[in-house]
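Listed below are the residues making up each chain.
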Amino acid sequence: MGSTRNLRKSILGMAMGACLASLALAPAHAQSATGSVAGRASAGDQITLVNSATGASRTVTVGADGSYRLSQLPVGDYSLQVTRAGQGVGQALQVSVPLGGTATINLGSEGGVANLDAVQVLGSRVVNRVDVYSTESATNISREELARVPVDQTLGSVALLAPGVVASGATFGGLTFGGSSVAENAVYINGLNVTDPYRRQGFSSVPFAFYQEFQVKTGGYSAEFGRSTGGVINAVTRSGGNEFHAGVEFTFEPAAWEAEREDHFHSDGTLDERNRTSRDASPFYKANLWASGPIVKDQLFFFAMYEKRDSSPRDIDTTQAWYTESDNDFWGAKFDWRINDDHLLELLAFSDKADSVTSNYRYTWDTATLGAKKGESSSGSGGDNWSLTYTGHFTDTFVAKAMYGVNKRSALSGSPSDPDCSIVTRSSSYTARFGAETTPEGCHPTDSSISSRYDKREAARLDFEWTLGDHQLRFGLDQEVMDSDSSVVYPGDGVSYQAQAANAGAQLPNGALVPVGVTRIVDARRYITGAPVTTEAQALYLEDNWNVTANLLLSLGVRFDKFHNKLASGATFAEADFGDMVSPRLGFSWDMNGDGTTKVFGNAGRYYLPLTNKLTDYFGGGTTDEHTYYVLDGWTEMQDPITGGTYLAPDLGPQIGAVNTDGNAPAPDDVRTAVARDLKQVFQDEFILGFQRAINPEWSYGVNATYRRVTRAVEDVRINHVEGCPWYSGDWPIINPGETNTLWCPDTNDWVTFDNSQDGYKALGSGTIMGYKEPRRTYKAVEFQLDRAWDDTWSFNASYLWSRSEGNVEGPVNSDTGYADTNLVQYYDHPAVNERYGVLFNDYRHQIKLRGSFKLNDMWSFGATLSARSGGPITAFGVRWPNDNRSAGGPSEFSGGGSGWLCVANCSSLNRELVYTERGAYGRMPWVTNLGANVTWTFPVEDIDLKARFSVFNLLDSQPLVNVHSRYESTPGTRLPYFGEGTVWQSPRYMQLVVTYTF
């Protein structure tokens, strides 16, 4: 089936975005929806913050050293008042508290702002420009800022605004942060981890209008964040206050507002694998209604939203068409109970369940005629989610926080025909002997299994913050229990029936002989696989933010992780203790001038990446795979229960022999031959050094350099030789490739240890014994930013990022060959696959992002974005390497592995002549650019908040290719015809109208 609206969005996203207004580098706050206010003032004064929406207040006394800090504050606007000897000093200031950051407000003796060059006064609000309390690299943006520029309504589109974040050109999509793969990121909503625990490639989300602020962490994040070697998206939702508000929002994306996609052809004139796309369309409409306000004034508040979505993409190919209906709704609510000024309880609940039904029709391209309906398929996703968070300020210097939440996801696929229609197919031998099918055989529209997966994460964490003089101590612990329950079964009666040609006297796989006179048989296969698996992950962290001097901050942290992956049988698949995963985090921030205008910062840290549930499920689920053979007595005409059409069902005659149960595999309880003892986990070391300066309250600039390094992998590795254990003759255990590993040897009934850099693989033909290269990935980047902050008239932001991503592995997925099973890719199916060190798939050397907005008057405002990135490398994958006659990769685009050696002579023998090619040897794909523009009209009547925003994405309708066929050979010396030709293209122009009314 061709592309859908979601594919369009993911491809478009890779070229869109612009750099954020904030250059701020903000400290983390316990993976939650909080921020801080800190600075310098007169010793002994009292600083009082009052939340403008809820009236909640916090007071702290300025220390003897002239410093003050108020932390764990809900994001939003506050009133700041200085009090001396019981009397207010100066006028109250309006301060904006950022998500995960610190608003640095230095106060003079008269209570006014002293660091005016480092802050911006927007109206009456003070907005921080440089965060001297931060040592990490992060970008913040609020919903108000997003309303001024053309940004599509997805969490991923927001993340793409940050420098170094790119939408992958892989066929399976996703976001890459700083050269990492798409399976290395984490996403949090109000402190709840909503990342997919199965493959770690997706996440739960809420409607765009439900969010309040976003923080995109691209590196250097502090010790309370872990389980990520890519990036972190941290988002907070809207909350209610003392004033009642409500609103409606309508989003329109009709099919007529989409530019036509191109039909893509190979160089020989044949259609590419996606078939036709020029008649595809993805109309989308949604409407939401929200309300917020007090349940009990000054104490209990709510925000609630309901959204209705109507998506109806159509995918029209040469002979078939698919029409999808996805009419879904969302509900979500946030409740805030301010028990008193020192204690707050927050409840978030939302449901992102979604279902769709796709109807399959016959189609005639030349006449554009939609034919008879062939059947339907269905899919489902999402789940119910909630979290409860308590924050307690027990003294001015001690804060405790507790959170418990549940994140649920699902991945379901099937068909309305599943209860009534079994799979009926025929073998090629049957067609060759008895002719092609004339009347449809079987009534199932897809002949596919019913697959389901339900994921559940139970997350709990405790965080503490204790200020002791110049030291702010942060410490805590968290636990996540992640369950995945998957299953695959056949529809109908649970059996798949295949008609096969037969010869009398021939032996069947169950050992029985085909009876005399029988020329047709049925192979009735019952296949059931999948089982529940569990991962328990815990972490402890400790961090000291030490103000060595008034201008120098040191952040000294360490994190300890552990995890335990369990099989369906309850037995251990893999585990690591706290001592196995130790992550030091060190950072500094130097306020060079002491006024918050100029900062030099840096950090160094280690980040670990745990195993996914997909890996455990692959090895740990039981399988029923039974074949029963029958004489085929003919076909019976039946009526399709869905379409009413006619189909044929096989008449089963006598059973031939016993049921073949050779394929049955119970859930294992011993994986010592499948998983290395003392398996070590993947980690990344990262180093960042940066500079930031506020030229004045509006203009600022910054530059930073990043270096990342990965030197370990956890993968399934082809092991066909282990010295001292002949049992390993062709297995794929999970080990640390290129390192010393220990596996169980059934031959000796003992453990065997071997150096996988020297042993593990025996070449076919030559018999050469060799090992695998140690995995390596490096990322080097230099980033420049220039920012002109919004002043209620205009703003501008520009960034340029130069980067280089090199190595012999991309990460836990393989985008080169389109393989998305995390930790189960083909890098170590053969030594040739990881032999080459060079530029990797995510090596986008140059990235430019621009953003600007302009308010003409109270009625009209405009925004624009421009992003451009250079294309990724084109690498050739062959099928052999020297002195080995075993395949190092298959001819299919999604098959395993691939060699850098290409055959040029004597290709049918072991003495073939091979030529080595480097990664990226065949050039690069073209630049991908995206120009976006929007115009916003505001109803010019006071007290009526009505707006209409019209946005155009990919205004120039640029559709360059973003991925190519990378398979070079089908067999040694036989070049595949489409190598280097496109497989994925940037999505075309589309338009969006958003109308909002708030009261």
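None of the values given here were measured: they were computed from a predicted structure.

What the protein chain contains, in helices and strands, is five helices and 60 strands. Taken over the C-alpha trace, the protein chain has a radius of gyration of 30 Å; the compact-globule value for 999 residues is 30 Å, and the two agree within 12%. Considering only C-alpha atoms, the protein chain reaches an extent of 110 × 65 × 50 Å along its principal axes. Accessible area of the protein chain: about 36800 Å², with a carbon and sulfur share of 54%. Side-chain charges in the protein chain split into 82 positive and 114 negative, and the spacing between the mean points of these groups amounts to 3 Å.

Overall, mixed pairing links the five strands, which are arranged β10-β15-β16-β13-β14 in an open sheet. Unpaired on one side and paired on the other, β10 (137–142) and β14 (192–193) mark the two borders of the sheet. Summarising the sheet, strand β13 (residues 186–189) and β14 pair through two bridges and their orientation is antiparallel. Considered in β14, the bridge of Ile189 is made with Leu192.

Our focus in this paragraph is the sheet that holds strand β7 (residues 102–104). Strand pairing within a sheet occurs via backbone hydrogen bonds; the two strands may be parallel or antiparallel. The strand order across the open sheet built from three strands is β4-β1-β7, with neighbouring strands paired in mixed fashion. Each of the sheet's edge strands pairs with one partner strand only, and the pair in question is β4 (67–74) and β7. Geometrically, the sheet is characterised by an average inter-axis angle of 20° between neighbouring strands, direction not taken into account. Pairing of strand β1 (residues 34–40) with β7, which is carried by three bridges, proceeds in the parallel orientation. Paired with Ala38 across the two strands is Thr104, which belongs to β7.

Taken as a whole and judged by the stated rule, the model has 47 salt bridges. Note that Asp341 is salt-bridged to Arg338, the shortest N-O span being 2.4 Å. By relative accessible area, which is 13% here, Arg338 ends up buried. The structure contains a network of salt bridges with shared partners spanning Arg227, Arg457, Arg461, Asp463, Asp478, Glu480, Arg559 and Asp561.

In this section: the state of the cysteines. Under the definition given, this model contains three disulfides. Between the sulfur atoms of Cys903 and its disulfide mate Cys907 the distance is 2.1 Å. One disulfide, between Cys903 and Cys907, carries an S-S torsion of -110° and so falls in the left-handed class. Just as Cys903 is buried, Cys907 falls in that class too. In the protein chain, numbering the disulfide-bonded cysteines from first to last in sequence yields the connectivity 1-2, 3-4, 5-6.

Conventions used here
- Residues numbered from 1 in each chain as written.
- Predicted model: local features only at pLDDT ≥ 70, side-chain atom pairs only at ≥ 80, totals over all residues.
- Heavy atoms only, no water.
- Helix = DSSP H or I, 4+ residues; strand = E, 2+ residues; numbered from the N terminus.
- Rg over C-alpha atoms; globule rule 2.2 N^0.38 Å.
- Areas by Shrake-Rupley, 256 points an atom, 1.4 Å probe, with all protein chains shown as cover.
- Lys, Arg positive; Asp, Glu negative; His and termini not counted.
- Charge placed at Lys NZ, Arg CZ, Asp CG, Glu CD.
- Pairing = 2+ DSSP bridges.
- Axes fitted to C-alpha atoms, helices over the stretch in contact; angles between N-to-C directions.
- Salt bridge = Lys/Arg side-chain N within 4 Å of Asp/Glu carboxyl O.
- Buried < 20%, exposed > 50% of the residue type's maximum accessible area, 1.4 Å probe, protein only.
- Disulfide = S-S within 2.5 Å.

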